Amino acid sequence: MKFFGYCLAAAALLTALFASGCTSTPEPPPPTLAPISSNMRQRAAEWNAVWQDFSIRGVVITPVTRNFYRNRDDRLIERLAMLGVNQLYLPVQNRGDLDDLIESGRLGALVRQAAAAGIGTELVLIQQDFMPQRYGSVIRRRRSGNSEPLPEAIDRILQYNANAAPEEQLVGVTVAASIHTFTPGAENLPANLLYLWHPGRYGIGSDNDLLMEEWFQLLTRISRQTARKLPLTAAFPVFYQTRAAAGELSAGSVADFLELCDRAWVIGTGTRPSAMLSSLRQAAASVREDRRVICGTRLASHLSEDSGALRRRDWQDLVRSMTSQANALKDCGSAAGMVVDSWDELEWLWEQE
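In this text the structure is predicted, and so the values were computed from the model without any measurement. (Residues numbered from 1 in each chain as written. Predicted model: local features only at pLDDT ≥ 70, side-chain atom pairs only at ≥ 80, totals over all residues. Heavy atoms only, no water.)

A. Looking closely at the overall build of the chain. Within the chain, the regular secondary structure consists of 14 helices and eight strands. Per-residue burial over the chain gives 48% buried out of 353 residues. Here the analysis covers contacts within the chain between residues at least 6 apart in sequence; of these, 77% occur between residues at least 24 apart. Just so you have it, the chain exposes about 17400 Å², and 51% of that area is on carbon and sulfur atoms. (Helix = DSSP H or I, 4+ residues; strand = E, 2+ residues; numbered from the N terminus. Buried < 20%, exposed > 50% of the residue type's maximum accessible area, 1.4 Å probe, protein only. Contact = heavy atoms within 4.5 Å. Areas by Shrake-Rupley, 256 points an atom, 1.4 Å probe, with all protein chains shown as cover.)

B. Seen up close, the nonpolar core. Of all hydrophobic cores here, the largest spans 93 residues; its most connected members are Trp47, Val59, Leu80, Trp343 and Leu346. Residue contributions to this core peak at seven residues, all from helix H13 (residues 315–329). Residue contacts for Trp343: discarding those within four places in its chain leaves Val59, Val60, Ile61, Thr65, Tyr69, Leu76, Arg79, Leu80, Leu83 and Trp350. Counting ten residues, the second-largest nonpolar core is a separate cluster that includes Tyr89, Val124, Ala176 and Val339. (Core = buried A, V, L, I, M, F, W, Y, C linked by side-chain atoms within 4.5 Å.)

C. Geometry of helix H5 (residues 95–103). Asp97, Leu98, Asp99, Leu101 and Ile102 are the residues of H5 that are buried. Structurally, H5 contributes buried residues whose contacts are with helix H3 (63–68), strand E2 (87–92), helix H6 (106–116), strand E3 (120–126) and helix H8 (149–163). Capping the start of H5, Asn94 holds a side-chain oxygen 3.1 Å from the backbone nitrogen of Gly96, two or three residues further along. Positive phi shows up at Gly105, right after H5, with a value of about 85°. (Polar contact = N/O pair within 3.5 Å; in protein donor to acceptor, adjacent residues only side chain to side chain.)

D. Region of the structure containing the sheet that holds strand E1 (residues 56–60). Taken in spatial order, the eight strands line up as E1-E2-E3-E4-E5-E6-E7-E8 and close into a barrel, and their pairing is parallel. In this sheet, adjacent strand axes meet at a mean angle of 25° when their direction is disregarded. Here strand E7 (residues 293–298) runs beside strand E8 (residues 335–341); their pairing, made up of six bridges, is parallel. Residue pairing for E8: Ile294 is matched across the bridge by Gly337. (Pairing = 2+ DSSP bridges. Axes fitted to C-alpha atoms, helices over the stretch in contact; angles between N-to-C directions.)

E. Structural context of the pattern of salt bridges. A complete count under the given rule lists 16 salt bridges for this structure. In this structure, the salt-bridge partner of Asp97 is Arg66, at a minimum N-O distance of 2.7 Å. Here Arg66 lies in helix H3 and Asp97 lies in helix H5, a separation of 31 residues in the sequence. You can call Arg66 buried: its relative accessible area is 7%. Ionic pairing is found between Asp317 and Arg320, a salt bridge with its closest N-O pair at 3.7 Å. Here Asp317 and its partner Arg320 are both found in helix H13, three residues apart, which amounts to about one turn of the helix. Given the relative accessible area of 11%, Asp317 is considered buried. The partly exposed category is assigned to Arg320, whose relative accessible area is 46%. (Salt bridge = Lys/Arg side-chain N within 4 Å of Asp/Glu carboxyl O.)

F. Inspection of the environment of Ser324 at higher detail. With respect to the helices, strands and loops of the structure, Ser324 is situated in helix H13. Taking the C-alpha atoms as reference points, Ser324 and Pro273, 51 residues apart in sequence, are found 8.3 Å from one another.

G. Representation of the environment of Asp129. Locating Asp129 in the fold gives a position in the loop between E3 and helix H7 (138–145). The exposure class of Asp129 is partly exposed, given its relative accessible area of 31%. Spatially, the C-alpha atom of Asp129 lies 5.7 Å from that of Asn94, the residues being 35 residues apart in sequence. Not counting chain neighbours up to four residues away, the residues in contact with Asp129 comprise Val92, Gln93 and Asn94.

H. Geometry of the side chain of Thr226. Position of Thr226 among the secondary structure elements: in helix H9 (residues 207–226). Here Thr226 falls in the buried class, since its relative accessible area comes to 2%. Ignoring sequence-local partners within four residues, the contact set of Thr226 consists of Ile154, Leu158, Val173 and Leu232.

I. Summary view of the packing of helix H2 (residues 38–51) against H13. Packing of H2 against H13 leaves a shortest axis separation of 9 Å and a crossing angle of 20°. Of the possible angle classes, the one that applies to H2 and H13 is roughly parallel. H13 is crossed by H2, and the crossing has left-handed handedness. Contacts from Arg43, Glu46, Trp47 and Val50 in H2 reach Trp315, Gln316, Leu318, Val319, Met322, Thr323 and Ala326 in H13. A per-class count over the contact of H2 with H13 returns seven nonpolar, two polar and two charged. (Parallel < 35°, antiparallel > 145°, perpendicular 65-115°, else oblique. Left-handed = near helix turned anticlockwise from the far one by under 90°. Nonpolar A, V, L, I, M, F, W, Y, C, P; charged D, E, K, R; others polar.)

J. Just the packing of aromatic side chains, in detail. A complete count under the given rule lists twelve aromatic pairs for this structure. Geometrically, the ring pair formed by Trp47 and Trp51 is edge-to-face, given 5.6 Å between the ring centres and 70° between the ring planes. Here Trp47 and its partner Trp51 are both found in helix H2, four residues apart, which amounts to about one turn of the helix. Here Trp51 falls in the buried class, since its relative accessible area comes to 1%. Measuring from centroid to centroid gives 6.3 Å for Trp197 and Phe239, while their planes differ by 65°, and the two rings are edge-to-face. Placement of Trp197 in the loop between strand E4 (172–176) and H9 and of Phe239 in helix H10 (residues 238–245) is noted, with a sequence separation of 42 residues between them. With relative accessibility at 5%, the residue Trp197 sits in the buried group. Looking at Phe239, the relative accessible area reads 29%, which means it is partly exposed. Here the guanidinium or amino end of Arg72 rests over the ring plane of Phe68, the centre of that ring lying 4.7 Å away. The positively charged end of Arg72 is found above the aromatic ring belonging to Tyr69, 5.8 Å away from the centroid. (Phe/Tyr/Trp six-rings, centres within 6.5 Å; stacked < 30°, edge-to-face > 60°. Lys NZ or Arg CZ within 6 Å of the ring centre and 35° of its normal.)

In structure tokens form, the structure reads like this:
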């Protein structure tokens, strides 16, 4: 019995020591952030001059960047303000990510700090991340296929904004179309999908057109949800406009999106500055002069040759490219602003000596 008592005491001691060790383990220090150098201040002035004529000067803050700046959002806001950013676009990865942002207080804190610096914040919901998922048994797949993740996420955002303090309210929400990713062989296709996107399936009534029709039905519902509650922006690749203009899609033009949304965010394409500018100018010129088109440029990662993203050699090369773009687009009466995707790439170039 005495031995048994010793064993219990020893076990209790070990448990206490283990628990104490767990609770006292400090969090690892955050990754190092480069100090603002005089060179970076000069570059910030150069970048401000690039897009100063636009009312919307936005950047996409990826989930990776959100995590990097956790517990030091003030440093992120300071850097954004230096480059003249006045609009943050925050993509959320899924419903769990959205709920965590809201319930943890991180969203409210970030929005509040951004607003104090004159920067508005919009959440971005990407279609492929908010579609019914196929998993589990036949019954579970059927139930999942009948769910509506995107409208439900919109409701969650509207609920947040209705309850938030004025300084923590979002200035809008963006939904990004990605029906062109629903291709044969793609992973994680939505549940109950009837059609697949394919380069050879254009034409009125074909698969691509029917997928676009379904997206506009969903967008119509979302526009009714957000009406008079929160400005709605639709983001989409520029080739939707090109194909619709050619009569290969019954919907998908800039004008079609603007019928339902407050703004259209056209994502340009082109690894060369001239190609990127050409794609954006054609889209901006397709609608009347009402300053509701946002021109988006994706920046290629370092040494990347990915099709569609703008390549650049260094900071000066980027400034030259974007200056030419800004000068051409500001003369388009429909252009409301410019968005750079993503801040990760812009910041990396800004910091390089």
